[in-house]
Every structure is written in C-alpha cells, then in structure tokens.
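Below are the chains, spelled out letter by letter.
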Amino acid sequence: MAAWRTLHQRLQTGKAIDNVNQELFVNEVNKWREILKRLIVVITHLAEHNLAFRGHSEKLYEHGNGNFLGQVQLMAQFDPVMRDHVKRVAEKAVHESYFSKMIQNELICLVGSCVTKTIVERVKKSKYFSVIMDCTPDVSHDEQLSVVLRVVDYTNLDLADCRGQSYDNGSNMQGKKQGVQSRILERNNKALCVPCASHTLNLVVGDAAKSSVTALGFFGLLQRLYALFSASVHRWTILQKHVTDFTIKPLSATRWEARVESVKAVRYQLPEILDALTALREFAEEKQDSECASNANSIHKEMKKWPFLVSTVIWYNVLFHINKVSKLLQSPSVSVEVMRREVLAVIAFLKDYREDGFNSAKTDAREIAEKIDLEMAWPEMRQRKKKRQFEYEGREETVCTAEDHFRREFFLHMVDTTLVTVRDSTDQMQNVMQGKELDECCHRLERKMNDVDAEDLKQEIIHAVKAFPPHVSSPFQMLDYVYSAVNLPQLELCVEQKWLGLQPQAAGQEGMGPQTAGKEQQAPRYLPAHSSGNSQSTPGLY
C-alpha cells in the first residue's frame, strides 16, 4: 500500500519516472475533449435550426458533403484546434476523425438525452403537469411523436400528479374505449382531457368529404383540375391568362379546412376556368397531345353540369364558415370559453343550413348557370322497382326524382355527418365547461380533484380580481405577473398552479383577466364581477 501511495503522490506532483508520458497522455485527452466540444456545438446548432446533417458524400472538402462537415470545414478556417485536427484527418495521420455518421448519430442521441433529462427535472420540480401530444409522419413516412414542454409520456414522472391532457382528435388518442386519454383517466381521473380545437374541425370536414360518392368525386375533380394545369409552364400560363383573381389550389391531405381556397377559385371563377380549359384543349390539339386534350375536355364536361355547380356552392358555404371558425380557434389568444361558443355556433349554422341551405344554394348556382349557358337540369336516373314477395303487397312505387336523390344522398348526408362528428368531438368539451356559478364551479373542481379546497379557491379568485391590473388578460400574462410581482400576499400559488397553469391550452387561453371599462374593472370570464362573497355567473370554470 505504501508503494501505491507513493506513486499516487508522485503522479499528483508530476515527479513520477514517466512524467513526460503522463503529460503527453493528459494533453491528448484534453485535445480530444476540445474536439468533441466543438462537434457538439455544431450538432446543437444544426438541430436548433432543423437542418440536415449529411449529404451525398462523407469526405472532407468534397462537394455535397452535407451541413455537418461543412460546419467543421468552416470552423477549421478560424479555430486552431479544429484546423489541426482536420489537417491530420485529411493527411490520414489519424484514423479516428469523429466525423463518421455513426458518431454523429451517437452524439445526437446523447444531446437528446441531456435535453430530455433537463426537461424532466424541471417538470418534477413543478410537481403537476399536463400532457399534449401529436403524431405526424415525416418525409420517410415514419411516425414521429411531437413532445411539447409540459408533455411527458415516457419518463419516470408520477402520473398521479397529471392534471390535464390534450391531443389531436384521432381515435387512437381521443377514443373513449381504447384511446390514450381514456387509459390515462383509468389510472388518474384528475387528468382532465381538453380536445384540441385546431384538429376538431379538420376531422369534421374530413368525415363529411368521405360521406358520399358525390363528395369524393367532387374533390377528385378539383385535384384533377390542378394537376392538369400545373403539369407544365405553358398550361399554367394559359390558366393565368383567363383566371386573374383567385388561382386554383391543390388539395391538402391534412388541413381539410384549407380546401376552401381550392373551392373558392371555382365558386367565383367558373366561367373563366371553363374558358381556360377550352383554350388548353385547343392548344393540346395543335401540339397533338391527345392525353392533355382528352383530360381538358373531360374536366370541362364534368364542370359544366348542374349537380357540380350546386355542389360547389354548397361546399363553399360550409367550408367558409368552418374555415373562419377554425382560424379563430388556432389563434394563441382564444380562450376555452370562446372555443366552446364558436363550435356551438357552427352547430347552429349547420342546423339552419340543413333546412334552408339547399334552396339557397340552387339560387346562387342559378346566377352562375345563366352566365355560362348551363342547362339547369338534373340528370335522369333509373327508377328502382321493388320486387313483390307476396301477392297482397301493393303495386304503388315511390317515385324519386334526381333532385330529391341528390339532396338526400349528398346534401343531407354531408350535413348530418358533419353535425354528428362535431357533436361527438365536443362532448368532452361540454363536460369540462359545465357550471355557471363560482361557488358551484369551485365545488365541482374540489369533488373532481380531491386536493383543492373549494372555499379557499373561491376566496382567492375573488381577491384576484383586485390583484391583477387591467392590462393583464391572458393566462400567460397572469402567470408572469404572479412571478414578477412582489407584493401579492392575497394571491396564493394554488390559483396559479391548480388552475391557471394546469389546463392544456389546445387552442390557447385568453380572457382570464379583468378589463377596464370606464372607472370600474371588469372581472375575468370565470371571476365574479366584484369582491363580495356572493356567487356570480361564471361560465368557463368547472
């Protein structure tokens, strides 16, 4: 043991017999540490800016070797450590360059693990957390899970501390039987789920567009129209000569409410589009392009039919209202109460449109038909005859006109499907938004959470009316004010942690602070109008 202690002391003081070798060893270790630090900085920079790492080549100073090696080459021009390392690698003086794709992937995983660990530690310190998740396929068609701060699904956090969750409205996430939200609620019924308003109307329109063969054929024709003109520069030039106000748009596979732009161009410029199709057909015939001429002639005939024109007007009216509300719900300043009110307004519009929308759509379509000399007639349809099974059955047959068939199979089916889908999507929202009186809402929250005192929460909310200045309106502003304000003894942290900071903000939250009206302060949407002990009308709280 004495010999080992002596060796340890000599190594510490630099008096060992191989001191020169020890210095070389330490210098080599420090050199590689400095190189790895620079490589980690490069990886962090590329990851923050969402840039690709590799290119077509994996060698230094070759064209197309990617952003990672390009950053290394740029750093080598100014940094002596990296310059020396790159020079030795280029001269093949060393075999370990740490530039390979395997090292890049390993460093990316290590950096990602450090970021995840930091987030988990921060969430653990705050104890309560909410869950918001969304999945989408990347360019390689692999499903990628997006994780936001406050959103943790694979760490060692205690699920019993979760107080909120929100996902897109896919059945795998929002399903009542086997969805993620239902499984989390089985383990913790305090993790209240708020549906994402931004995805709600997307799924509503998506279901409506698949509700009938006519709806599928309508959007398929619009996609064919765009594909025909966008196939070449000459075709697009022909379109621009005739269509000047709204250009035709491709259909989006995910943002269904954005299809209003593609329908809008046809709704208001159908005569111009028909003229462009005629010009394109003539141009294709001159160039002896049989496929282009056939497609242009086919689309022209389909678009110059009365059912297509009526479908265009109906779809534009529905998509216009849904798109307007969807854009509002995606605003970061919208509140849960506004979200509920706007979705209910969509339901009311669809109910009214179901009764009077078909006739009004025919009136609007008639004005367009007169401009293009379109025959306002429904196509003849074959009458189905019911086979008599017994002699005593009557011979009377119900005559169904083409217009009645179109109204029943397309219009009513589409509107009813939309109504059913939007009602199903708002069931959970209605459960969250029940309650009008402050006292009732606080006691509902107490019964649900079991760790909130209703009377204390009620008094804290009443005192909060006077605590926040008029310019503080959104939840984020209120939380920032709580953290920054020094003299707020009347505002306890349970208001902040148990209500303001815990609800998943699917479409943003707003309207939770007082506003100035004359000389009096108006209460937030869930606060009483004054600081008395009486219960006030407070829609939006549990």
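These figures come from a predicted structure and were not determined experimentally.

Once that is clear, we can look at the overall build of the protein chain. Helices and strands together make up the secondary structure of the protein chain, namely 20 helices and six strands. Within the protein chain, contacts between residues at least 6 apart in sequence are counted, and of these 67% link residues at least 24 apart. Total accessible area computed for the protein chain in this model is approximately 31,300 Å², and 51% of it derives from carbon and sulfur atoms.

On to a nonpolar patch on the surface. Where nonpolar side chains cluster on the molecular surface, the patch consists of Met-1, Trp-4, Leu-7 and Leu-11 and spans about 490 Å² of accessible area. Its location among the elements puts Leu-11 in helix 1 (residues 2-13).

What follows is about the side chain of Gln-165. For Gln-165, the location among the structural elements is in strand 3 (residues 162-167). For Gln-165, the side chain forms a polar contact with the main-chain oxygen of Gln-181, separated by 3.4 Å. A distance of 2.9 Å separates a polar side-chain atom of Gln-165 from the backbone oxygen of Ala-191.

Once that is clear, we can look at unusual backbone geometry. Phi at Asn-50 takes a positive value of approximately 55°, unusual for a residue other than glycine. In this structure, Asn-50 sits in the loop between helix 2 (19-48) and helix 3 (66-76).

Evaluation of the coordinates by the stated rule reveals 10 salt bridges. With a closest N to O distance of 3.0 Å, Arg-38 and Glu-34 form a salt bridge. Of the two residues, Arg-38 and Glu-34 are both situated in helix 2; the distance of four residues between them amounts to about one turn of the helix. With a relative accessible area of 30%, Glu-34 lands in the partly exposed category. The partner of Glu-403 in a salt bridge is Lys-362, with the nearest N and O atoms 2.4 Å apart. In this pair, Glu-403 is assigned in helix 15 (residues 402-425) and Lys-362 in helix 14 (residues 336-371), connecting sequence segments 41 residues apart. Accessibility expressed as a relative area gives 24% for Glu-403, which makes it partly exposed.

Before going further, it helps to examine the packing of aromatic side chains. All told, the structure shown has 17 aromatic pairs when counted by the stated rule. Ring geometry for Tyr-226 against Trp-236: centres 6.1 Å apart, planes inclined by 80°, an arrangement best described as edge-to-face. Of the two residues, Tyr-226 is situated in helix 9 (residues 213-229) and Trp-236 in helix 10 (residues 233-242); the sequence distance between them amounts to 10 residues. In textbook terms, an aromatic cluster arises when at least three aromatic residues are bridged by ring pairs, as seen for Phe-218, Phe-219, Trp-306, Phe-308, Trp-315, Phe-349, Tyr-353, Phe-358, Trp-378, Phe-406, Phe-410 and Phe-411. Seen from the ring of Tyr-268, Arg-267 lies directly overhead, with NZ or CZ sitting 4.6 Å from the centre.

Every buried residue of helix 7 (residues 180-187) is listed here: Gln-181, Ser-182 and Ile-184. Burial along helix 7 is one-sided: seen end-on, the buried residues are contained in an arc of 165°. When the buried face of helix 7 is taken as reference, the exposed residues oriented beyond 90 degrees from it are Glu-186 and Arg-187.

The next point concerns the nonpolar core. Residues Phe-219, Leu-225, Leu-270, Leu-277, Met-303, Ile-314 and Trp-315 are the most contacted members of the largest nonpolar core, which totals 69 residues. Sorting the residues of this core by element identifies helix 8 (197-209), helix 9, helix 10, helix 11 (260-286), helix 12 (290-303), helix 13 (306-329), helix 14 and helix 15 as the ones contributing at least two each. The greatest single-element share of this core, amounting to 13 residues, is contributed by helix 13. The contact partners of Leu-270, leaving out residues within four places of it in the chain, are Ala-265, Met-303, Phe-308, Leu-309, Ile-368 and Ile-372. Counting residues in each nonpolar core, the second largest holds 18 residues, with Val-72, Ala-76, Val-86 and Leu-107 among its members.

What follows concerns the packing of helix 11 against helix 12. Two elements in contact, helix 11 and helix 12, have axes whose closest approach is 9 Å; the angle formed by their N-to-C orientations is 150°. Accordingly, the angle class assigned to the pair helix 11 and helix 12 is roughly antiparallel. The handedness of the crossing between helix 11 and helix 12 is left-handed. Each of Val-266, Leu-270, Ile-273, Leu-274, Leu-277, Thr-278, Leu-280, Arg-281, Ala-284 and Glu-285 in helix 11 lies in contact with helix 12, whose residues at this interface are Cys-292, Ala-293, Ala-296, Asn-297, Ile-299, His-300 and Met-303.

This part covers the confidence of the model for the protein chain. If pLDDT is low for a region, its predicted coordinates should not be looked at in detail. The share of residues in the protein chain with pLDDT of 70 or more is 74%, and the mean pLDDT across the chain is 76. By mean pLDDT, strand 6 (residues 520-522) is the weakest element of the protein chain at 33, and helix 12 is the strongest at 92. In this model, residues 486-542 is a region of pLDDT below 50 whose contacts with residues beyond four sequence positions or in other chains number 190 contacts.

Taking 1.5 Å of rise per residue, the 14 residues of helix 12 would be expected to cover 20 Å, and the 20 Å separating its terminal C-alpha atoms lies within 8% of that figure. Taken as a whole, helix 12 has its buried residues at Cys-292, Ala-293, Ala-296, Ile-299, His-300 and Met-303. With its buried residues spanning 140° around the axis, helix 12 presents them on a single face. Turned more than 90 degrees away from the buried face of helix 12 sit Ser-290, Glu-291 and Lys-301, all of them exposed. Structurally, helix 12 contributes buried residues whose contacts are with helix 9, helix 10, helix 11 and helix 13.

Relative to the assigned elements, Lys-59 resides in the loop between helix 2 and helix 3. C-alpha separation for the pair Lys-59 and Ser-100, spaced 41 residues apart in sequence, amounts to 9.1 Å. In contact with Lys-59, not counting residues within four places along its chain, are Asn-65 and Leu-69.

This part takes up the environment of Thr-421. When you line up the elements, Thr-421 lands in helix 15. When its relative accessible area of 12% is taken as the criterion, Thr-421 is described as buried. For the pair Thr-421 and Ala-208, spaced 213 residues apart in sequence, the C-alpha to C-alpha distance is 8.5 Å.

Each value, and the rule that gives it
Residues numbered from 1 in each chain as written. Predicted model: local features only at pLDDT ≥ 70, side-chain atom pairs only at ≥ 80, totals over all residues. Heavy atoms only, no water. Helix = DSSP H or I, 4+ residues; strand = E, 2+ residues; numbered from the N terminus. Contact = heavy atoms within 4.5 Å. Areas by Shrake-Rupley, 256 points an atom, 1.4 Å probe, with all protein chains shown as cover. Patch = residues over 30% accessible without salt bridge, like charges linked within 9 Å, V, L, I, M, F, W, Y side chains within 5 Å. Salt bridge = Lys/Arg side-chain N within 4 Å of Asp/Glu carboxyl O. Polar contact = N/O pair within 3.5 Å; in protein donor to acceptor, adjacent residues only side chain to side chain. Buried < 20%, exposed > 50% of the residue type's maximum accessible area, 1.4 Å probe, protein only. Phe/Tyr/Trp six-rings, centres within 6.5 Å; stacked < 30°, edge-to-face > 60°. Lys NZ or Arg CZ within 6 Å of the ring centre and 35° of its normal. Arc of directions from axis to C-beta. Core = buried A, V, L, I, M, F, W, Y, C linked by side-chain atoms within 4.5 Å. Axes fitted to C-alpha atoms, helices over the stretch in contact; angles between N-to-C directions. Parallel < 35°, antiparallel > 145°, perpendicular 65-115°, else oblique. Left-handed = near helix turned anticlockwise from the far one by under 90°. pLDDT = per-residue confidence, 0-100. Expected span 1.5 Å × (residues − 1).

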